[in-house]
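# Topology and contacts: notes
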Amino acid sequence: MADFSRQYNKIRAEIQVALEAVCSRQHFILGEEVARLEEQIAAHCRAAFAVGCASGTDALWLALQAAGIGPGDRVLTTPFSFFATISSILRCGAQPVLADIDPRTFNVSPYASRAALLREPVRAILAVHLYGQCADWDALRSLQQQHGCILIEDAAQAFGAAWRGVPAGSLGDSATFSFYPTKNLSAYGDAGMVTTLHRDMAERMRMLRSHGMRQRYVHEELGWNSRLDTLQAAILLVKLRYIDEWNRQRQQCAARYDALFRKYILAEAGPYPQHGVVTPSVDPRGTHVFHQYVIRVNRRDELRSFLNQCGIGSEVYYPAPLHMQPALRSLGYAAGSLPESERAAREVLALPIFPELTEEEQMRVVEAIAKFFN
Ligand SMILES: *Cc1c(COP(=O)(O)O)cnc(C)c1O
């Protein structure tokens, strides 16, 4: 599915210099590199502020908590995401409201969102930029204006993505990133960040990530320990120099897959494949950074085990929509209530994509898929 050692082999020397600098200084928590990383990521995303933390999950919790979301509040989001998108809302004591996805982009549907907001008001919309593609920000912004809610981006999969040229990270009131080792910009362990346009939210998040302290041992509110390690920040500073190039390489890989699919398999237009394959659809208003290259297929599980037999990795993100997860049954969404998310969970298949993937390897993937259908 991915070979991360190819990337490490290229940057090994720079990483080792960066790690040595931190170890020599012996300042391991929220050190100088964390401050530099926060500055550089804010600049990269054109956000006013960035606050490092321990994971993308914590970033979500911090962003919601700093926005004052709590018991009695509702937050609109998508059921087709990683678990943390919804669990962070529940951790704040708020109630998730789920809107179905657009079957073309897998992001939250503007129509379903509008319908949900007409049924019940929400304090915030938490929109996920799934697979590296921004949610329809024109529609979400107009919903925000009509309904007066806060708009938060879960940009864990979308570092470097943009909407009408505006980077993910400065589209919403705040945005959350994960630097989990498989993400486009990744650490060598857990790490996360929140970007925001608002000084007061940034200050509150800095306090919340250190047990509600601004001044040593004065705890102004209940926070958490969610600090970013200096070593992880040092690694991320090295990788940040390459991220634009790596994202371009991912886009090239995606374009090569598109061309190979056109050549070897008749990709059907439209969201519902009867047979064959539907390749990713890219909203021309956005810039997709292909955290994943996800196709739709009818006989997904059969294809996946065939690829496996051929020695080709693939993954399913995600095999169940979140309202079908055992821990979230109590939200009360029945099977069939969010049909596009449920259909996507049955049909999606993520193919290998990473900057160092070669054309020959992609050729092998598509040939194997063609063989399966023939
Ligand atoms: C990875 C991911 C998260 C969680 O990030 P962690 O760093 O693993 O806590 C949240 N939301 C989405 C959409 C993700 O892909």
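### Topic: the site of the ligand
The local shell around the ligand holds 16 residues, among which Gly56, Thr57, Asp154, Ser178 and Lys183 are the closest. Take glycine 56: an N or O atom from its main chain is 2.8 Å from an oxygen atom of the ligand. The separation between an oxygen atom of the ligand and a polar side-chain atom of lysine 183 is 2.9 Å. About the coverage of the ligand: the protein hides 92% of its 380 Å² of free accessible area. It is helix H3 (residues 56-66) that contributes the most residues to the shell around the ligand, three residues altogether. Here the residues of the shell around the ligand are counted per class, giving seven nonpolar, seven polar and two charged.

### Some words on the packing of helix H2 (residues 32-45) against helix H8 (residues 230-240)
To characterise two packed helices, one gives the angle between the axes of the helices and the distance between these axes. Contact geometry of H2 with H8 gives a least axis separation of 8 Å together with a crossing angle of 40 degrees. With respect to each other, H2 and H8 are oriented oblique. The interaxial crossing formed by H2 with H8 has left-handed handedness. Every residue of H8 that contacts H2 at Glu32, Glu33, Val34, Arg36, Leu37, Gln40, Ile41 and His44 is listed here: Thr230, Ala233, Ala234, Leu236, Leu237 and Leu240.

### Here we look at the side chain of threonine 230
Looking at the secondary structure, you find threonine 230 in helix H8. Only 3.2 Å separates the side chain of threonine 230 from the backbone nitrogen of isoleucine 29, close enough to count as a polar contact. Look past the residues within four positions of threonine 230 in its chain and what remains in contact with it is Val22, His27, Phe28, Ile29, Leu30, Gly31, Glu32, Glu33 and Val34.

### Re the environment of valine 122
Mapped onto the fold, valine 122 is located in the loop between helix H5 (110-119) and strand E4 (124-128). Put simply, valine 122 and alanine 254 are 132 residues apart on the chain and 36 Å apart in space, counted from C-alpha to C-alpha. For valine 122, the contacting residues outside a window of four places in its chain are Arg74, Val75, Leu76, Val97, Leu117 and Cys149.

### Let's talk about the sheet that holds strand E11 (residues 286-287)
Ordered by their spatial adjacency, three strands build an open sheet running E7-E6-E11, and the pairing between neighbours is antiparallel. Lying at the two open borders of the sheet, with one neighbouring strand each, are strand E7 (166-167) and E11. The pairing of strand E6 (residues 162-163) with E11 spans two bridges and is classified as antiparallel. Within E11, the position partnered with tryptophan 163 by the bridge is glycine 286.

### Focus: the nonpolar core
One recurring pattern in soluble globular proteins is that nonpolar side chains are buried together. Leu37, Ile41, Ile125, Leu140, Phe159 and Phe179 are the most contacted members of the largest nonpolar core, which totals 52 residues. It is H8 that contributes the most residues to this core, seven residues altogether. When residues of this core are assigned to domains, at least three fall in each of domain 1 (4-240) and domain 2 (243-373). Those residues in contact with isoleucine 41 that sit more than four places away from it in its chain are Phe159, Phe179, Leu185, Met193, Thr195 and Leu240. In this structure, Tyr257, Ile295, Tyr318 and Ile353 belong to the second largest nonpolar core, which totals 39 residues.

### What about the domain arrangement of the protein?
Here the domain parsing of the protein yields domain 1 (4-240) and domain 2 (243-373). Between the C-alpha centres of domain 1 and domain 2 the distance comes to 24 Å. Residue-level contacts link 44 residues of domain 1 with 41 residues of domain 2. In this assembly, domain 1 packs against domain 2 so that about 3,800 Å² is buried in total across both faces, 59% of it on carbon and sulfur atoms. By the criterion of area lost to domain 2, the three top residues of domain 1 are Arg6, Tyr131 and Asn184, representing 19% of everything that side buries. Inspection of the domain 1/domain 2 interface yields three salt bridges. Aspartate 138 is paired through a salt bridge with arginine 285; the nearest N and O atoms lie 3.4 Å apart. Where domain 1 packs against domain 2, one counts 27 residue pairs in polar contact (both at pLDDT 80 or more).

### So, the sheet that holds strand E12 (residues 293-297)
Adjacent strands of a sheet pair through backbone hydrogen bonds, lying either parallel or antiparallel. With respect to topology, three strands assemble into an open sheet ordered E10-E12-E13, the strand pairing being antiparallel. Strands with a single pairing partner mark the edges of an open sheet, and in this sheet they are strand E10 (277-278) and strand E13 (348-351). In this structure, E12 lies alongside E13, joined through four bridges in antiparallel fashion. Following the sheet pairing, arginine 296 is matched in E13 by valine 348. Helix H9 (residues 243-264) rests against E10, E12 and E13 of the sheet, and its axis sits at about 25 degrees to E12.

### A closer look at H2
Turn by turn, an α-helix covers 3.6 residues, leaving residues three or four places apart pointing in a common direction. Taking 1.5 Å of rise per residue, 14 residues should cover 20 Å, and H2 covers 20 Å from first to last C-alpha, within 8% of that figure. Glu33, Val34, Leu37, Glu38, Ile41, Ala42 and Cys45 are the residues of H2 that are buried. Looking straight down H2, one finds its buried side chains confined to an arc of 165 degrees; they lie on one side. In this structure, H2 carries Glu39 and Ala43 as exposed residues pointing more than 90 degrees from its buried face.

Rules behind the numbers
Residues numbered from 1 in each chain as written. Predicted model: local features only at pLDDT ≥ 70, side-chain atom pairs only at ≥ 80, totals over all residues. Heavy atoms only, no water. Near = heavy atom within 4 Å. Polar contact = N/O pair within 3.5 Å; in protein donor to acceptor, adjacent residues only side chain to side chain. Areas by Shrake-Rupley, 256 points an atom, 1.4 Å probe, with all protein chains shown as cover. Helix = DSSP H or I, 4+ residues; strand = E, 2+ residues; numbered from the N terminus. Nonpolar A, V, L, I, M, F, W, Y, C, P; charged D, E, K, R; others polar. Axes fitted to C-alpha atoms, helices over the stretch in contact; angles between N-to-C directions. Parallel < 35°, antiparallel > 145°, perpendicular 65-115°, else oblique. Left-handed = near helix turned anticlockwise from the far one by under 90°. Contact = heavy atoms within 4.5 Å. Pairing = 2+ DSSP bridges. Core = buried A, V, L, I, M, F, W, Y, C linked by side-chain atoms within 4.5 Å. Buried < 20%, exposed > 50% of the residue type's maximum accessible area, 1.4 Å probe, protein only. Domains from an automatic or database assignment. Buried area = accessible area lost by both parts, 1.4 Å probe. Salt bridge = Lys/Arg side-chain N within 4 Å of Asp/Glu carboxyl O. Expected span 1.5 Å × (residues − 1). Arc of directions from axis to C-beta.

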